[in-house]
Amino acid sequence: MSEFTDEMYAGSQKRNFMGHPVGLSVLFLTEMWERFSYYGMRTILILYLTKYHLFGVEKASMIYGAYAGLVYMMPIIGGYMADRYLGSRKAVTYGAILLVLGHGLMAFHGPAAYMSGDIVVRDEFYINIFFLALALIIGGVGFLKANISSVVGALYGPNDPRRDGGFSIFYMGINLGSFVSMLLVGYVGEVHGWNYGFSIAGIGMLFGLLIFLWGQRFLGGRAEPPAPEVLKEKSPIGLNKENTIYLFGLGLVGVNWIMMQYDQMVIQLVGVSGILMIGLVLFYAFTKCEKVDRDRLFVALFLIAVQSVFWALFEQQAASLTLLADQQFDLSFFGIGILASQVQMMNALFIIVFAPVMAWLWVALARRKWEPSTPAKFGYSLLLIGAGYIVFAWGMGLDDSTSKSFMWLVFIYFMLTLAELFLSPVGLSMVTKLSVPKIVGMMMGTWFLFTALGNNVAGWISSLMGSNEEGVASGTLDMAATMDLYTLIGLGSAGVGIFILILTPLLKKGMHGVH
Ligand code: GLN
């Protein structure tokens, strides 16, 4: 890895990218390719599990939920390792290497499962390779995802007004990567073969790694280890500390490999960790904080916990919503044929179109003092997504054919995205604003833990929409159960949304002037 010189530092400060530090272009492209691989692979995952490996809806959804839950749990560990020892640059590089290995391994999928009488015959060796590939991706995201965002923040001084703009550009990179990959990997995977789709995701990640290796010199030394000499010290196992952490990362991959095989236990792991983190923060709040800081931490914890409801509904996208698109809808849009796996691209597309509109709207409303407070935005988000599912379930009930109108899918994706814009970017900034600076990393970790819980529950909810019967039609959703569950989660989410809106005056008071 290259060492930084004063000359590089000066160079990195002089050049710029759309008026921003040039390092932003490197982070933009790296994260664009990382999300390309992540969402590309994910977009075909549930179809691959049900159609190639002939898992039933129940098992396929649980595998997806375990994977998505662990993916969002690991950034706490990767973030800690970067803050304490590695620095973000090394952590991102290591994460990217694990990701290339994981996505690369996905390309080796062995023979398809087949029926022998009533029994499904699968090649267990390749199923284990598949779980190992997922575990490598989980570890890779853990080391990369949160840390690359920290580097974006580190490019700007504390009062640099370009910071928010920088994050918006970065978020565009995320969605550009996911949009293109869902189109491309979806097409290649479904039409030409799942392994070719996975390979394209892997090649995308390889581009990401190469770009980062080449471009890290432009980060101007802002993502270096906090104490480089400590990394060279010997650890108890005889290696230096840096290599010991890399070895620990491989150990983590091993643990995730095992967890993937006990998918029903992930909820306990994530749930218990979430409760522990809440306990830790409460302990800190009661022992180390004055009233104002303590109240703010309470509000933050409450909002962190309720966001899991949002993700449980939102992340139906790569699970039940994709199966539904495949089985129940006429997938032509003004004469253009779309594949079930490509339907998810609407979320990225809507974000690209509407994120700037929403950003403008908040500013315009703020000028008139009409901007809703953060808790109110959370309440509206849960109401919107809940209402979306209730109306969507009702709409599906109007037509019992298997070529329902594509417009319903456009509708639910629009509602999901609108709700996302009310909660996801708002939530991240809420965490940084409401927590005491000393524990902001821990609070961010807790945010991701509850995102993880929501993702995991999303898989579990989807698992209730079909049977565990395995076979050629194993991915078939039970429509009565699906519509009932959509209505139920819609009502649940809307109910929580209303509850938050009722509590909003109290929550605002607890924020003590922070908006
Ligand atoms: N779509 C965004 C991303 O992939 C946000 C995902 C999340 O926070 N769960 O970065």
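Read on for a plain summary of the structure. From a predicted model like this one, the values you see are computed outputs, not experimental measurements. (Residues numbered from 1 in each chain as written. Predicted model: local features only at pLDDT ≥ 70, side-chain atom pairs only at ≥ 80, totals over all residues. Heavy atoms only, no water.)

Within the protein chain, the regular secondary structure consists of 17 helices and six strands. Against the 2.2 N^0.38 benchmark of 24 Å for 515 residues, the protein chain shows a C-alpha radius of gyration of 23 Å, consistent with a compact globule. When its C-alpha atoms are laid out on the principal axes, the protein chain stretches across 65 × 55 × 45 Å. Counting across all 515 residues of the protein chain, residues that qualify as buried make up 57%. Within the protein chain, counting contacts between residues at least 6 apart in sequence, those at least 24 apart form 83% of the total. With 31 positive and 32 negative side-chain charges, the protein chain shows a spacing of 14 Å between the two charge centroids. (Helix = DSSP H or I, 4+ residues; strand = E, 2+ residues; numbered from the N terminus. Rg over C-alpha atoms; globule rule 2.2 N^0.38 Å. Buried < 20%, exposed > 50% of the residue type's maximum accessible area, 1.4 Å probe, protein only. Contact = heavy atoms within 4.5 Å. Lys, Arg positive; Asp, Glu negative; His and termini not counted. Charge placed at Lys NZ, Arg CZ, Asp CG, Glu CD.)

So, on to the site of the ligand. In the vicinity of the ligand, the contacting residues are Arg35, Tyr39, Tyr72, Lys145, Tyr171, Ile174, Trp311 and Thr451. Here an oxygen atom of the ligand and a side-chain polar atom of Arg35 are 2.8 Å apart. Within the side chain of Tyr39, a nitrogen or oxygen atom sits 2.7 Å from an oxygen atom of the ligand. Of all the elements in the fold, those that place two or more residues in the shell around the ligand are helix H2 (23–51) and helix H6 (163–192). Grouping the amino acids of the shell around the ligand by side-chain chemistry returns five nonpolar, one polar and two charged. (Near = heavy atom within 4 Å. Polar contact = N/O pair within 3.5 Å; in protein donor to acceptor, adjacent residues only side chain to side chain. Nonpolar A, V, L, I, M, F, W, Y, C, P; charged D, E, K, R; others polar.)

As for its placement among the helices and strands, Glu315 is situated in the loop between helix H11 (291–314) and helix H12 (320–328). Residues Glu315 and Ile76, spaced 239 residues apart in sequence, show a C-alpha to C-alpha distance of 20 Å. Residues in contact with Glu315, not counting those within four places in the same chain, are Arg42, Tyr64, Asn455 and Ala458.

For the rest of this paragraph, the subject is unusual backbone geometry. Of note in the backbone geometry, Met18 takes a positive phi value of approximately 50° without being a glycine. Here the phi dihedral of Lys369 falls at roughly 65°; this positive angle occurs in a residue that is not glycine. Topologically, Lys369 is positioned in the loop between helix H13 (345–367) and helix H14 (374–397). Residue Lys369 is classed as exposed on the basis of its relative accessible area, which comes to 74%.

Turning next to empty space enclosed by the protein. Counted by the stated rule, this structure contains one cavity of 30 Å³ or more. Approximately 40 Å³ is the volume found for the largest cavity. Lining the largest cavity, in full, are Tyr48, Leu105, Met106, Phe108, His109, Ile129, Phe130 and Ala133. Among the secondary structure elements, those contributing two or more residues to the lining of the largest cavity are helix H4 (75–106) and helix H5 (124–154). With three residues, H5 is the single largest residue contributor to the lining of the largest cavity. (1 Å grid on protein atoms, 1.4 Å probe; cavity = no way out; pocket = protein on both sides within 12 Å on 5 of 7 lines; lining within 4 Å. Points joined across faces, edges and corners; volume = space filled by probe spheres on them.)

Below, the discussion takes up H2. Between its terminal C-alpha atoms H2 stretches 42 Å, which fits the 42 Å expected from 29 residues at 1.5 Å a residue. The largest bend in H2 comes to about 40°, at Leu45. For H2, the buried fraction is high: 27 of the 29 residues fall into the buried class. (Expected span 1.5 Å × (residues − 1). Bend = angle between axes of the 7 residues up to and from the residue.)

Judged by nonpolar contacts, the single largest core of 155 residues is most densely connected at Tyr67, Leu409 and Tyr486. No other element matches the 16 residues that H2 contributes to this core. Here Leu409 is in contact with Ala325, Phe329, Leu331, Val343, Met346 and Phe392, once residues within four sequence places are set aside. Residues Ile351, Trp362, Leu365 and Leu421 belong to the second largest nonpolar core, which totals eight residues. (Core = buried A, V, L, I, M, F, W, Y, C linked by side-chain atoms within 4.5 Å.)

The subject of this paragraph is the pattern of salt bridges. Enumeration according to the criterion identifies 14 salt bridges in this entry. Residues Arg35 and Glu34 are paired through a salt bridge, measuring 2.8 Å at the closest nitrogen-oxygen approach. In this structure, Arg35 and Glu34 share a single accessibility class: buried. Here Lys241 makes a salt bridge to Glu233, at a shortest N to O gap of 3.0 Å. A cluster of three or more residues bridged by salt bridges with shared partners is formed by Glu31, Glu34, Arg35 and Lys145. (Salt bridge = Lys/Arg side-chain N within 4 Å of Asp/Glu carboxyl O.)

In this section: the environment of Pro21. Position of Pro21 relative to the elements: it lies in strand S2 (residues 20–21). Pro21 sits 134 residues away from Leu155 along the chain, and the two C-alpha atoms are 6.8 Å apart.

A few words on the packing of helix H3 (residues 57–73) against helix H16 (residues 440–463). Two numbers describe how H3 lies on H16: the axes approach to 7 Å, and their chain directions differ by 175°. As judged from the angle between their axes, H3 and H16 are roughly antiparallel. Residue-level inspection shows Val57, Glu58, Ser61, Met62, Tyr64, Gly65, Ala66, Ala68, Gly69, Tyr72 and Met73 of H3 in contact with H16, the latter providing Phe448, Leu449, Thr451, Ala452, Asn455, Asn456, Gly459, Trp460, Ser462 and Ser463. (Axes fitted to C-alpha atoms, helices over the stretch in contact; angles between N-to-C directions. Parallel < 35°, antiparallel > 145°, perpendicular 65-115°, else oblique.)

Attention shifts here to the packing of H4 against H5. It is at 5 Å that the axes of H4 and H5 come closest, and there the two elements cross at 140°. Between H4 and H5, the crossing angle belongs to the class labelled oblique. H5 is crossed by H4, and the crossing has left-handed handedness. (Left-handed = near helix turned anticlockwise from the far one by under 90°.)

On to the environment of Ile200, then. Residue placement: Ile200 occurs in helix H7 (residues 194–215). Sequence separation between Ile200 and Lys404 is 204 residues; the distance between their C-alpha atoms is 31 Å.

A few words now on the side chain of Gln317. In this structure, Gln317 sits in the loop between H11 and H12. Sequence-distant contacts of Gln317, that is, excluding residues within four places in its chain, are made with Thr322, Gln344, Asn347, Tyr413 and Leu416.

It is worth spelling out the packing of aromatic side chains at this point. Within the structure shown, the criterion is met by 31 aromatic pairs. Measuring from ring centre to ring centre gives 6.3 Å for Phe378 and Trp447, while their planes differ by 75°; the resulting arrangement is edge-to-face. Placement of Phe378 in helix H14 and of Trp447 in helix H16 is noted, with a sequence separation of 69 residues between them. A residue is classified by how much of its surface remains accessible, and Trp447, at 2% relative accessible area, is buried. Within the aromatic cluster, the residues linked to one another by ring pairs are Tyr48, Tyr52, Phe130, Phe131, Trp194 and Phe198. Sitting above the plane of the Phe55 ring, Arg122 keeps its charged end 3.8 Å from the centroid. (Phe/Tyr/Trp six-rings, centres within 6.5 Å; stacked < 30°, edge-to-face > 60°. Lys NZ or Arg CZ within 6 Å of the ring centre and 35° of its normal.)

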